[in-house]
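# Residue-level structure breakdown
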Amino acid sequence: SPAPCYTVAMSIKPLGGMALLAGVIVFAAAGWAFDDAWPVPKEAADRPNPLTPSSPYAKKAHTIYNDQCAMCHGDKGDGKGAEAEALRVPPADFTSAAIMMQTSDGELFYKISKGRNPMPSFEGKLSEQERWGLVLYLRTFLKGPPAKKK
């Protein structure tokens, strides 16, 4: 009969292979889940904002932003909120012309609505008008003309 340590080693070895395979699968899935690209469906990106800056929802957006967004995106919208450093994916910098001039209102609305780890979805938390108001508010962090999609 084999030595007891050999028997234990033989019973662990197959489990080790399974653990390695499981680890590879989890690692690959995590890499996919945290891909920094955030594609938005064309029909969502093309949606125009139905609100104007004079809308009551646009005026209310500052309060919503401070309550729901500033902790990560920062009081100035620069992506440097108190919680930002702890996040795997850095929060968007709404003061960046490179980002904001290439991002449509529809894309911002989609991302606010759907969320993506670590950002929560606001679709069930805020009304559609409140989310569109947030889009208008985010545009105020970048001083200049409204963005147009390429």
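Note on numbering: residues in each chain are counted from 1, in written sequence order. Selection of residues for local features in this predicted model requires a pLDDT of at least 70, selection of side-chain atom pairs for listing and counting requires 80 or more, and totals for whole chains, interfaces and linings are taken over all residues. Hydrogens are left out, water is left out, and the side-chain values use all remaining heavy atoms of the structure.

## A word on helix 3 (residues 56-68)
Between the first and last C-alpha of helix 3 there are 18 Å, a value that for 13 residues agrees with the 18 Å anticipated at 1.5 Å per step. To get the bend at a residue, fit one axis to the 7 residues ending there and another to the 7 starting there, then take the angle between the axes. The way it works is that DSSP assigns letters per residue, a run of H or I at least four long becomes a helix, a run of E at least two long becomes a strand, and they are numbered from the N terminus. Most pronounced at His62, the bend in helix 3 amounts to some 35 degrees. Categorising residues by exposure relies on relative accessible area from a 1.4 Å probe, with only protein chains included: less than 20% of the type maximum marks a residue as buried, more than 50% marks it as exposed, and the intermediate range marks it as partly exposed. Among the residues making up helix 3, those that are buried are Ala58, Ala61, Ile64 and Tyr65. Residue contacts are defined here by distance: any two heavy atoms, one from each residue, within 4.5 Å place the two residues in contact. In this fold, the buried residues of helix 3 make contact with helix 4 (70-73) and helix 7 (128-139). Here a polar contact means two N or O atoms within 3.5 Å. Within protein one must be a hydrogen donor candidate and the other an acceptor candidate, and residues neighboring in sequence count only if both atoms are side-chain atoms. Between a side-chain oxygen at the N-terminus of helix 3 and the backbone nitrogen of Tyr57 the separation is 3.0 Å; the capping residue is Ser55. The span expected for a helix works out to 1.5 Å for each residue beyond the first.

## Considering the nonpolar core
In this text, buried Ala, Val, Leu, Ile, Met, Phe, Trp, Tyr and Cys residues form a nonpolar core when linked through side-chain atoms within 4.5 Å. By size, the foremost hydrophobic cluster in this structure holds 22 residues, and its most contacted members are Tyr65, Leu134 and Leu138. Those elements giving two or more residues to this core turn out to be helix 3, helix 6 (105-114) and helix 7. The element that contributes the greatest number of residues to this core is helix 7, accounting for six residues. Excluding its chain neighbours within four sequence positions, the residues that come into contact with Leu138 are Tyr65, Phe94, Met100, Leu108 and Ile112.

## Concerning the packing of aromatic side chains
Note on ring pairs: Phe, Tyr and Trp rings are taken, using the six-membered ring of Trp, and paired if centres are within 6.5 Å. Classes follow the plane angle, with under 30 degrees stacked, over 60 edge-to-face and the rest tilted. For the structure on display, the rule yields five aromatic pairs. Judged by centre distance (5.1 Å) and plane angle (55 degrees), the rings of Tyr65 and Phe141 are tilted. Of the two residues, Tyr65 is situated in helix 3 and Phe141 in the segment after helix 7; the sequence distance between them amounts to 76 residues. By relative accessible area, Tyr65 is classed as buried at 0%. Relative to Phe141, the ring of Tyr137 lies with its centre 5.1 Å away and its plane at 75 degrees, an arrangement referred to as edge-to-face. Comparing Tyr137 with Phe141, the two get one shared label, buried.

## Topic: the pattern of salt bridges
One speaks of a salt bridge when a side-chain nitrogen belonging to Lys or Arg is within 4 Å of a carboxyl oxygen belonging to Asp or Glu. Tallied over the entire structure, the rule returns five salt bridges. Here Arg47 makes a salt bridge to Glu128, at a shortest N to O gap of 2.9 Å. With a gap of 81 residues between them, Arg47 in the loop between helix 2 (42-45) and helix 3 and Glu128 in helix 7 connect regions that are remote in the sequence. On the basis of relative accessibility, which here comes to 37%, the residue Glu128 falls in the partly exposed class.

## Topic: the confidence of the model for the chain
pLDDT expresses how confident the predictor is about each individual residue, on a scale running from 0 to 100. For the chain, the mean per-residue pLDDT works out to 81, and 71% of the residues sit at or above 70. Long-range and interchain partners of residues 4-12, a stretch whose pLDDT sits below 50, account for one contact in this model, where long-range means more than four residues apart. Considering only residues more than four positions removed or in separate chains, one finds that residues 18-35, a stretch of pLDDT under 50, has four contacts.

## What to know about the packing of helix 6 against helix 7
The N-to-C vectors of helix 6 and helix 7 enclose an angle of 125 degrees; their axes lie 9 Å apart at closest approach. By the criterion of interaxial angle, the relationship of helix 6 to helix 7 is oblique. Between helix 6 and helix 7 the crossing geometry is right-handed. On the side of helix 6, the interface is formed by Asp105, Gly106, Leu108, Phe109, Ile112 and Ser113, while helix 7 contributes Glu128, Arg131, Trp132, Leu134, Val135, Leu138 and Arg139. For helices, the axis comes from a line fit to the C-alpha atoms of the stretch in contact; other axes are also lines fit to C-alpha atoms, and the angle between any two N-to-C directions lies between 0 and 180 degrees. These descriptions rest on fixed angle ranges, namely under 35 degrees for roughly parallel, over 145 for roughly antiparallel, 65 to 115 for roughly perpendicular, and the rest for oblique. Each crossing gets its hand from how the near helix is turned against the far one by less than a right angle, where anticlockwise is left-handed and clockwise is right-handed.

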